[in-house]
Amino acid sequence: MFPSFSGLSRSPSISKRVYDTIAILLISLAAIAIAWRMLRDGINGLGDLSWHMTWIQHFALELTETIYPRWLGGTNYGYGSPTFVFYPPLVYYLGALLRRSGFDIQQTIAVLCTIALFISGLGFYIYTARKWGKLAAVVGALFYVSAPQLTNLAYFGGIPALFAQPLMPLGLYFTDKALEQPRWKVVLALFWAVVALTHVPTLLLCTIAWVGYLFVLMIQQSWKRILPLFASAGIGFGLAGFFLLPAVLEQSFANIKALKAVNGGFQANMIGSGQLQLLPLSQLQKMAYIYVHQGIAILIFSAIALTLWNRKTVLRPALGVLGFAIALAFMMSILSAPVWEASPTLQMVQFPVRLLGMFALAGGISCTIAVYALQRSRLKILFALIIVAVLVANFRYSFQLARRLPTLNHAGRGTIMNLETIKAIVHDPYSDNLIDLPEYRPPLDDGKIPEPLRGQAPVMEAPKTAKIDIKRWTGQSRVLNIDTPEPAILKLRTYYHPAWQGKANEAKLDLSKAKDGTIEIRVPSGKSEVKLWYGWTTIFTIGVAVSSLSAIALILLWRWV
């Protein structure tokens, strides 16, 4: 993403420990201030928040049965969903831990957002402090943690994407460290595994940007030093193979391709398109406003750095960051539509405006460079006031947005969208009243997405002569005693997925997909004990094997370097 520049000075006079303590305190206060409305008054239920709240609730429940809950049995009105076959689980383990620690779901969401904001600032500080000094780094970190895009992610339910924000500067830090000290290649591999298990669109975008960053480094350094970093990334992807392989190769069992058309597809989510016109800029929650806000900040910081540069260590990184920001601005605009149209891979990102996260990173780094440049300038007070004004504008955006949004505990005169659904998620999440993403449901023969029906019995269809006694019905397994005078076909209130396996009197039971996408079973005449459980598919088994081999490779890498 940005070239490595050595030889930059550190902040003088104050001890490193004092600087670090002050930095951590300021970043903590900034994160709490931005999330304060949520911490005090609860959530607003906007954006994707209802999905993430539902998933955290049910992920925590399914952990009582399995260590890796890929199936959520209580969503889709009890039909279930293979949500975590396709969605990375890492953030939800943290959410489940908070739920198990006594936090309710509103508190869990608020704490998660606060943690993500804090580690975003901390990760940024760690990366930039060693390059441009601690004073410049802490100012840049305050800009980064208060960037409008991060606030927008927090208040509109982009929790996994928000947790991906600290990974961007940390990826740069680990890459630079891996070039200096061989054993950091192990940390770099772990980093890529964490990214893969946090947010897939960020994984894709960061991979593309990181490869570009390495090619820039190859201009400055020998390719022999750079090439092993690709191997570290490969090991990291392999560590996450238990998730990545099924997420990619089992898409035919769901309607994942329909995600490309969400909110009108990628073209409708580009700056300058019909949905995201640049003008007017009065709507704070609109991506176009954030785009302009962050763009102006980058231009101001770049102008300061380029005006004050008296060393190549300022000029080169300032121009590099500005060029990167311009490239991002172009890729988010309607002007880049032909590029997105030509790349099905890029289209899996869904929304080009997801690049606003990297745009915020570019803004933070440009702020850091500007502060570093002005420390020896005679006009430092004037330019410092300009930088402070930009920081104030960031925090002002956060406070204005938070005040405008109603919350569940203090709605004021506002209206909370999907209020009854949000109340069900908060107060009654386990009574088969919650829906899940349609794209994760099994595809029907006519290509349509099935619609679950509320209030259905666990066994939806069975012969009248069959006697059925449900002994066990949980998210991950079912046990039924069936007595039927003749072979029978039963339709269960469970969506079909090949991970579901079954036995009847310990003999293998074949499962098939009914016309409505649910599981259909055929049982012999007489008495049968039918057992069904959510197990391992062939692809998941291969993924676990790949992860295991990658873990061995990681250990060998540690011992070798």
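Residues numbered from 1 in each chain as written. Predicted model: local features only at pLDDT ≥ 70, side-chain atom pairs only at ≥ 80, totals over all residues. Heavy atoms only, no water.

All right, on to the overall build of the chain then. Summing up its helical and strand segments, the chain has 21 helices and nine strands in all. The C-alpha radius of gyration computed for the chain amounts to 26 Å, which stays within 12% of the reference 24 Å derived for 561 residues, consistent with globular compactness. With the principal axes as the frame, the chain shows a C-alpha extent of 95 × 65 × 45 Å. For the chain, the proportion of its 561 residues judged to be buried stands at 56%. In the chain, the proportion of contacts linking residues at least 24 apart, taken out of those at least 6 apart, comes to 75%. The averaged location of the 27 negative side-chain charges in the chain is 17 Å from the averaged location of its 49 positive side-chain charges. (Helix = DSSP H or I, 4+ residues; strand = E, 2+ residues; numbered from the N terminus. Rg over C-alpha atoms; globule rule 2.2 N^0.38 Å. Buried < 20%, exposed > 50% of the residue type's maximum accessible area, 1.4 Å probe, protein only. Contact = heavy atoms within 4.5 Å. Lys, Arg positive; Asp, Glu negative; His and termini not counted. Charge placed at Lys NZ, Arg CZ, Asp CG, Glu CD.)

If you trace the five strands from one edge of the open sheet to the other, you get 2-3-9-5-6, paired in antiparallel fashion. Whereas interior strands pair on both sides, the edge strands pair on one side only; in this sheet they are strand 2 (467-473) and strand 6 (507-509). Neighbouring strand axes in the sheet, compared pairwise and without regard to direction, differ in orientation by 25 degrees on average. Two elements, strand 5 (residues 500-504) and strand 6, share three bridges in a ladder whose sense is antiparallel. Counterpart to Lys503 in the pairing with strand 6 is Lys508. (Pairing = 2+ DSSP bridges. Axes fitted to C-alpha atoms, helices over the stretch in contact; angles between N-to-C directions.)

Once that is clear, we can look at unusual backbone geometry. With a phi angle near 55 degrees, Asn76 is a residue other than glycine that sits in the positive phi range. Note that Asn76 resides in the loop between helix 2 (49-62) and helix 3 (83-86).

A few words now on the packing of aromatic side chains. Using the criterion set out here, one finds 32 aromatic pairs in the structure. Ring centres of Phe191 and Trp192 lie 5.1 Å apart, and the angle between their planes is 70 degrees; this geometry places the pair in the edge-to-face category. Each member of the pair, Phe191 together with Trp192, is buried. Grouped by ring-pair contacts, the aromatic residues Trp55, Phe59, Phe84, Phe86, Tyr87, Tyr92, Tyr93 and Tyr440 constitute a single cluster. Arg183 extends its terminal NZ or CZ atom over the ring of Trp558, reaching a point 4.0 Å from the ring centre. The ring of Trp473 carries Arg478 above its face, with NZ or CZ at 4.3 Å from the centroid. (Phe/Tyr/Trp six-rings, centres within 6.5 Å; stacked < 30°, edge-to-face > 60°. Lys NZ or Arg CZ within 6 Å of the ring centre and 35° of its normal.)

What follows covers the environment of Leu227. Tracing the chain through its elements places Leu227 in helix 12 (residues 223-239). A residue is classified by how much of its surface remains accessible, and Leu227, at 43% relative accessible area, is partly exposed. For the pair formed by Leu227 and Leu214, sequence separation is 13 residues and the distance between their alpha carbons is 8.8 Å.

What follows is about the pattern of salt bridges. Summed over all chains, the structure comprises 14 salt bridges. Between Glu461 and Lys491 there is a salt bridge whose closest N-O contact spans 3.0 Å. Of the two residues, Glu461 sits in strand 1 (residues 459-461) while Lys491 sits in strand 4 (residues 488-495), which places them 30 residues apart along the sequence. Ionic pairing is found between Asp516 and Lys491, a salt bridge with its closest N-O pair at 3.1 Å. Here Asp516, found in the loop between strand 7 (511-513) and strand 8 (518-523), pairs with Lys491, found in strand 4; they are 25 residues apart in sequence, far enough to count as distant. Shared partners join several salt bridges into a network, and the residues in it are Lys503, Glu506, Glu529 and Lys531. (Salt bridge = Lys/Arg side-chain N within 4 Å of Asp/Glu carboxyl O.)

Our next topic: the side chain of Gln476. Tracing the backbone shows Gln476 in the loop between strand 2 and strand 3 (477-484). At 3.0 Å, the side chain of Gln476 and the side chain of Glu62 are in polar contact. Excluding its chain neighbours within four sequence positions, the residues that come into contact with Gln476 are Glu62, Glu65, Thr66, Trp71, Trp500, Leu532, Trp533 and Tyr534. (Polar contact = N/O pair within 3.5 Å; in protein donor to acceptor, adjacent residues only side chain to side chain.)

Where helix 2 contacts helix 5 (residues 105-132), the axes come no closer than 11 Å and their chain directions differ by 110 degrees. Between helix 2 and helix 5, the crossing angle belongs to the class labelled roughly perpendicular. Handedness of the helix 2/helix 5 crossing: right-handed. Contacts from Leu49, Met53, Ile56 and Gln57 of helix 2 reach helix 5 at Ile105, Thr108, Ile109 and Leu112. (Parallel < 35°, antiparallel > 145°, perpendicular 65-115°, else oblique. Left-handed = near helix turned anticlockwise from the far one by under 90°.)

The subject of this paragraph is the pairing of strand 3. Summarising burial for strand 3: six of the eight residues are buried, a large majority. Sheet topology places strand 2 next to strand 3; six bridges connect them, and they run antiparallel. Each bridged residue has a counterpart across the sheet, and for Ile468 the counterpart in strand 3 is Ile482. Two successive antiparallel strands, strand 2 and strand 3, enclose a turn made up of three residues.

All right, on to the confidence of the model for the chain then. As a note on interpretation, predicted positions should not be read in detail where pLDDT is low. Averaged over every residue, the pLDDT of the chain is 91; residues scoring 70 or more account for 95%. Across residues 1-13 the pLDDT falls below 50, and counting only partners more than four positions away or on other chains, this stretch makes 47 contacts in the model. (pLDDT = per-residue confidence, 0-100.)

Turning our eyes to something else, we now look at the side chain of Thr537. With respect to the helices, strands and loops of the structure, Thr537 is situated in the loop between strand 9 (526-534) and helix 21 (538-560). Those residues in contact with Thr537 that sit more than four places away from it in its chain are Arg70, Glu250, His497, Pro498 and Ala499.

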